[in-house]
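Breakdown of the fold
What follows is each chain in one-letter form.
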Amino acid sequence: MTPAERTLRGRMGAHTSWANTADPSARTKPGRDAFLARFEKQVDPDGTLPVEERKRRATSARKAYMQALAMKSRKTREAKARKAGEAAA
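Residues numbered from 1 in each chain as written. Predicted model: local features only at pLDDT ≥ 70, side-chain atom pairs only at ≥ 80, totals over all residues. Heavy atoms only, no water.

Points about helix α2 (residues 24-43)
- For α2, spanning 20 residues, the distance from its first C-alpha to its last is 29 Å, which sits close to the expected 28 Å at 1.5 Å a residue.
- Most pronounced at P30, the bend in α2 amounts to some 40 degrees. (Helix = DSSP H or I, 4+ residues; strand = E, 2+ residues; numbered from the N terminus. Expected span 1.5 Å × (residues − 1). Bend = angle between axes of the 7 residues up to and from the residue.)

Description of the pattern of salt bridges
- The tally for this structure, following the rule as stated, stands at seven salt bridges.
- The partner of R54 in a salt bridge is D44, with the nearest N and O atoms 3.0 Å apart. Placement of R54 in helix α3 (residues 51-88) and of D44 in the loop between α2 and α3 is noted, with a sequence separation of ten residues between them.
- Taking relative accessible area as the criterion, R54 reaches 16% and is therefore assigned buried.
- One salt bridge in this structure joins R74 and E78, with 3.0 Å as the shortest N-O distance. Taken as a pair, R74 and E78 lie in helix α3 at a separation of four residues, close to a single helical turn.
- Judged by relative accessible area, R74 falls into the partly exposed class, the value being 36%.
- The class for E78 is partly exposed, based on a relative accessible area of 35%.
- Here the salt bridges do not stand alone but share partners, grouping E40, D44, R54 and K55 into one network. (Salt bridge = Lys/Arg side-chain N within 4 Å of Asp/Glu carboxyl O. Buried < 20%, exposed > 50% of the residue type's maximum accessible area, 1.4 Å probe, protein only.)

Below, the structure written as structure tokens:
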């Protein structure tokens, strides 16, 4: 099987799986919870902060992470645009 065929087969399987999922939110909840727990552990590794303070800090850490991803994405898009401009010239 070629890489392209594997990709198509994987996409078909994913769409079939999601089509048979009654509650997509419940299915992805463990992943979302683990993602958010990552930031709580980052800001309070010993678990000593009050719950509200830990959640406040974790929210800020998550927002900072997302902003860093956005910046990285922007830089990548700019580099691709520069490269495309140089190739066209």
